[in-house]
Amino acid sequence: MDVQKTTINAIRILSAEAIEKAKSGHPGLPMGCAPIAYTLFQKFLKINPKDMAWDNRDRFILSAGHGSALNYTLFHLYGMGITKDDLMSFRQLGSKTPGHPEYGHTYGVETTTGPLGQGIANAVGMALAEAHLAAKYNKPNFPIVDHYTYAICGDGCLEEGISYEACSFAGANNLGKLILLYDDNDITIEGDTDVTFREDVEGRFKAQNWQVLHVDFVASPDDVDALANAINAAKACADKPSVIICKTHIGYGSPLEGSAKCHGAPLGAENLAKSKEKLGWDYAPFECPQEVFDHCAVAANAGADAQSKWNELFAAYEKAYPELAADYKKAMAGEKPDFDSVEGLYDFEKPMATRQTSAKVLNQLAALMPQLMGGSADLGPSNLSEMKDTDDIKYGTFSADNYAGRNMHYGIREHAMAAMANGMQLHGGIQAYCATFFVFSDYCKPAMRLSALMKLPVTYIMTHDSIGVGEDGPTHQPIEQLIMLRSVPGLKVYRPADGKETAAAWVSALSGNEPTVLVLSRQNLPQYAGSGKAALKGGYVLEDCDGTPDVLLMGTGSEVELCVKAKAALAEKGVKARVVSMPCFEEFEKQSAEYKNSVIPADVKARVCVEAACPYSWYKYAGDCGETVCMTGFGASAPAGTLFPHFGFTVENVVEKALASIAKTK
């Protein structure tokens, strides 16, 4: 038996069989990429299949996540917990083998992929993290952080704009431990890529400061040696990321080889049988010769040996550099400080924009959290998202000349920025944040959704949060973004009203196991005596009245000020009002029914909800008799002081709405 050839064909056939049994899936990529995946797993990928949490493992990402059957077949052959029954349960409810790779669901999956191009950007974030941690912790003779990030992508990944953003960043920062394996098969769902994708891919990557290598699997099928040589050349190039353009035939070995018909549909029983015949596969469905498992175990055992040697190296490192080793272990474990003990965290006196209060809190926490790392999409001076150097602490800027820097300049690449932050967080050792204007959360949204899906505690700083942006006009004034992000399961959205609420928002973001968006104002806001740690509960009584209120005034961010002033105006009319600040709906909904009712009593039907955004978030809290003071259209270009009254954000309007709501309850 030619065990190498048999193993490559096992990858093809087992993947195709899983897809055939499920009656759905994408057989083309696993069959075409089988020699690529085999070469990587058998000869290069430094992992211990029994411990995929090992810090110094190589990272492997299938950016073309629709080819997930390839992942699961590899995991099956290399002893990573995927059984024959799991392959037979491909794409079925509750299985370990869902339609696209899911982080946290299937052991060994490094990131959730499927939305094309995201995996490439995640890989850049992981390579960035490796470079940063290596610069921070490695010492002569102690390369404790020393691993590669590999990603397989397809034509579709490279057509997505995020791939250009991410690859441009990787090249600009000389991320030499990033190796991209491009499955160049010229086919997408609609047919030949020549219809839409004719660019010079080699020229594109060279222009972005990548090393470009080629392997032709069409001319020489299963040429493992050629790919091995290319990967070695990629690893030898320390100052550039590398792309290996692998010319392949989609669906290799099947009657549908080279056709779009095998991209996203099962081969069919007859074509599967013919594929087995052509590839010389004479085994029962989902069966594989023991020689293949034994062959794959050689690589698996080598990975276990590599981890054992690394453990010995780290033990010696701990003796030589005990403080540095302790810091490394804390960072990799994700340890956080005791936020309650941070002196002055909630101290604010004068009116400040919440982007300013965020900057103060960020820098306080950065001094306590050496793993905190992030930056902005070219808006640092506006987002106030930079960690400032002090006499005692030097942060510096991450660059090809200073990988130890903690401040990121992502460039004008919001989508890739968010996805790279996911990759940094997934890698471990880094607490990632990123920043842009709130309106540009539209560009970040696909990656933010994946943050939530993977439960990654990435913090998103989103400033210039409303029509308060002013003269920049409706293109830069967010309206629908709050409801958009509040609708994402598992994503916390904080819109604080003052400094203490901003501090609470940061504490919530860094304490939890989910992503958090900090929606912050451009304009100054007052500081409230009644605000504070109660904001950690998402909603609370900021100002109350004696006895049962006649009306509840609820708001977030800058509009809380209107509620406070309207309360005073209503008091002059003999109307008792309670002001409820609701900085985070998601945290409020986690509270007990008793607590929620203590803040928003069910028997107080008169309510006014005030927020300079579309009203749809509020109807649950407004109830049948409630009123809203919100935006029902886009903004306009004018000073903020003109825009707020123009769109009805006045004390008088809030009072009028309150009286109207009370009238409805009579």
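Residues numbered from 1 in each chain as written. Predicted model: local features only at pLDDT ≥ 70, side-chain atom pairs only at ≥ 80, totals over all residues. Heavy atoms only, no water.

> Looking at this model, I keep getting lost on the overall build of the protein. Mind explaining?
Across its full length, the protein holds 24 helices and 18 strands. Relative to a compact globule of 666 residues, whose C-alpha radius of gyration would be 26 Å, the protein shows 28 Å and is just as compact. Along the longest, intermediate and shortest principal axes, the C-alpha atoms of the protein span 90 × 60 × 45 Å. For the protein, the proportion of its 666 residues judged to be buried stands at 61%. For the protein, the proportion of contacts with a sequence separation of at least 24, taken over those separated by at least 6, is 77%. Of the side chains in the protein, 60 bear a positive and 80 a negative charge, and the two mean positions are spaced by 3 Å. (Helix = DSSP H or I, 4+ residues; strand = E, 2+ residues; numbered from the N terminus. Rg over C-alpha atoms; globule rule 2.2 N^0.38 Å. Buried < 20%, exposed > 50% of the residue type's maximum accessible area, 1.4 Å probe, protein only. Contact = heavy atoms within 4.5 Å. Lys, Arg positive; Asp, Glu negative; His and termini not counted. Charge placed at Lys NZ, Arg CZ, Asp CG, Glu CD.)

> Explain empty space enclosed by the protein here, please?
Gaps left between atoms are located by rolling a probe of water-molecule size over the structure's atoms. For the structure shown, the criterion picks out four cavities of 30 Å³ or more. By volume, the largest cavity is sized at about 110 Å³. Forming the boundary of the largest cavity are 16 residues, of which Phe60, Phe75, Gly108, Val109 and Glu110 lie nearest the centre. Elements with a contribution of two residues or more to the lining of the largest cavity: β1 (59-62) and α3 (68-77). Looking at the lining of the largest cavity element by element, the count peaks at three residues for β1. (1 Å grid on protein atoms, 1.4 Å probe; cavity = no way out; pocket = protein on both sides within 12 Å on 5 of 7 lines; lining within 4 Å. Points joined across faces, edges and corners; volume = space filled by probe spheres on them.)

> How should the layout of surface pockets be read in this particular structure?
Put simply, the largest pocket is a space of about 540 Å³. Taken together, 29 residues make up the lining of the largest pocket; nearest its centre are Tyr103, Gln425, Leu426, His427 and Gly428. Computed from the structure, the second largest pocket encloses a volume of approximately 240 Å³. Taken together, 16 residues make up the lining of the second largest pocket; nearest its centre are His66, Leu116, Ile187, Thr188 and His263.

> Any chance you could explain the sheet that holds strand β18 (residues 627-629) here in plain terms?
Picture the strands of a sheet paired through backbone hydrogen bonds; they go either parallel or antiparallel. Ordered by their spatial adjacency, five strands build an open sheet running β14-β16-β15-β17-β18, and the pairing between neighbours is mixed. Only two strands of the sheet have a single partner each, and these edge strands are β14 (540-543) and β18. Between one strand axis and the next, the sheet turns by 30° as a mean value, whatever way the strands run. Where strand β15 (residues 551-555) and strand β17 (residues 607-610) come together, four bridges link them in parallel fashion. Paired with Met554 across the two strands is Cys609, which belongs to β17. Against the sheet, helix α19 (residues 560-572) touches β14, β15, β16 (577-581) and β17, its axis set at about 160° to β15. (Pairing = 2+ DSSP bridges. Axes fitted to C-alpha atoms, helices over the stretch in contact; angles between N-to-C directions.)

> Is there a simple way to think about the pairing of strand β3 (residues 178-184) in this case?
Looking along a regular strand, one sees the side chains alternate between the two faces of the sheet. A large share of β3 lies buried, amounting to seven of its seven residues. Where strand β2 (residues 149-154) lies against β3, six bridges are found, and the strand directions are parallel. In the sheet register, Thr149 faces β3, and the bridge partner there is Leu178. Of the pairings in the sheet, the one linking β3 to strand β7 (residues 242-247) comprises six bridges and is parallel in character. Among the inter-strand pairings, Leu181 is bridged to a residue of β7, identified as Ile244.

> For this particular structure, what's the right way to read the environment of Gly641?
Among the secondary structure elements, Gly641 is positioned in helix α23 (residues 640-646). Taking the C-alpha atoms as reference, Gly641 lies 7.9 Å from Gly468; in sequence the two are 173 residues apart.

> Would you mind going over helix α5 (residues 118-137) with me for this structure?
One turn of an α-helix holds 3.6 residues; hence residues three or four places apart share an orientation. In this model, α5 (20 residues) spans 28 Å end to end at C-alpha, consistent with the 28 Å of a helix rising 1.5 Å per residue. Burial analysis of α5 places 18 of its 20 residues in the buried class, which makes it a mostly covered element. (Expected span 1.5 Å × (residues − 1).)

> I'm lost on the packing of aromatic side chains in this one. Help?
Each aromatic ring pair is described using two quantities: the centre-to-centre distance and the angle formed by the ring planes. Under the counting rule described, the total for this entry stands at 26 aromatic pairs. The interplanar angle of 55° and the centroid separation of 5.8 Å between the aromatic rings of Phe142 and Tyr317 together place this pair among those described as tilted. In this pair, Phe142 is assigned in the loop between α5 and β2 and Tyr317 in helix α11 (residues 290-320), connecting sequence segments 175 residues apart. Accessibility assignment for this pair places Phe142 and Tyr317 in one class, buried. Of note, Lys177 hangs over the ring of Tyr148, and the distance from its end group to the ring centre comes to 5.7 Å. Across the ring face of Phe348, the terminal group of Lys360 is positioned such that the distance to the ring centre comes to 4.4 Å. (Phe/Tyr/Trp six-rings, centres within 6.5 Å; stacked < 30°, edge-to-face > 60°. Lys NZ or Arg CZ within 6 Å of the ring centre and 35° of its normal.)

> Help me understand the side chain of Thr106, please; the structure alone is not making it clear to me.
Examined against the element boundaries, Thr106 turns out to sit in the loop between α4 (84-88) and α5. Leave out the neighbours within four places in its chain, and Thr106 touches Tyr72, Phe75, Ile82, Lys96 and Pro98.

> It is not clear to me how the sheet that holds β1 should be interpreted in this structure. Could you clarify?
Overall, parallel pairing links the five strands, which are arranged β1-β2-β3-β7-β6 in an open sheet. With one partner strand each, in any of the chains shown, β1 and β6 (211-216) form the two edges of the open sheet. Neighbour-to-neighbour, the strand axes of the sheet open up by a mean angle of 20°, direction not taken into account.

> Got a minute to help me understand the side chain of Ser275 in this structure?
Here Ser275 lies in helix α10 (residues 269-279). Its relative accessible area of 0% is what places Ser275 among the buried residues. In this structure, Ser275 is in contact with Ile13, Met31, Gly253, Ser254, Pro255 and Leu267, ignoring residues within four places of it in sequence.

> For this particular structure, what's the right way to read the packing of α5 against helix α15 (residues 414-427)?
When two helices pack together, their arrangement is captured by the angle between the axes and the distance separating the axes. Where α5 contacts α15, the axes come no closer than 7 Å and their chain directions differ by 55°. One way to sum up the angle between α5 and α15 is to call them oblique. Helix-helix and strand crossings are classified by hand; for α5 and α15 the assignment is right-handed. Residues Gln118, Ala121, Asn122, Val124, Gly125, Met126, Leu128, Ala129, Glu130 and Leu133 of α5 form the contact with α15, whose own contacting residues are His415, Ala416, Ala419, Met420, Asn422, Gly423, Met424, Leu426 and His427. Looking at side-chain class alone, the contact of α5 with α15 contains 11 nonpolar, seven polar and one charged residues. (Parallel < 35°, antiparallel > 145°, perpendicular 65-115°, else oblique. Left-handed = near helix turned anticlockwise from the far one by under 90°. Nonpolar A, V, L, I, M, F, W, Y, C, P; charged D, E, K, R; others polar.)

> What is the right way to read the pairing of β7 from this model?
β7 sits mainly inside the fold: five of its six residues count as buried. Tracing the backbone out of β6, into helix α9 (residues 224-236) and back to the parallel element β7 gives a crossover that is right-handed. (Right-handed = clockwise from strand over helix to strand, strands pointing away.)

> Just to check I follow, could you spell out the pattern of salt bridges for this structure?
Side chains bearing opposite charge may pair, as long as their charged atoms lie close to each other. Under the definition given, this model contains 30 salt bridges. Between Glu257 and Lys278 there is a salt bridge; the shortest N-O distance is 3.6 Å. With Glu257 in the loop between β7 and α10 and Lys278 in helix α10, this pair connects stretches of sequence that are 21 residues apart. Overall, Glu257 belongs to the partly exposed group, its relative accessible area being 24%. (Salt bridge = Lys/Arg side-chain N within 4 Å of Asp/Glu carboxyl O.)

> So what exactly am I meant to see when it comes to the environment of Ala569 here?
Tracing the sequence through the fold places Ala569 in helix α19. The class of Ala569 is partly exposed, set by a relative accessible area of 21%. Residues Ala569 and Val651, spaced 82 residues apart in sequence, show a C-alpha to C-alpha distance of 7.9 Å. When near neighbours in sequence (up to four residues on either side) are disregarded, Ala569 contacts Val651 and Val655.

> Teacher, can you tell me more about the environment of Thr502 here?
With respect to the element layout, Thr502 can be found in helix α18 (residues 499-511). Linking Thr502 and Ala535, residues 33 residues apart in sequence, is a C-alpha distance of 8.7 Å. A distance of 3.1 Å separates polar atoms of two side chains, one belonging to Thr502 and the other to Thr357. (Polar contact = N/O pair within 3.5 Å; in protein donor to acceptor, adjacent residues only side chain to side chain.)

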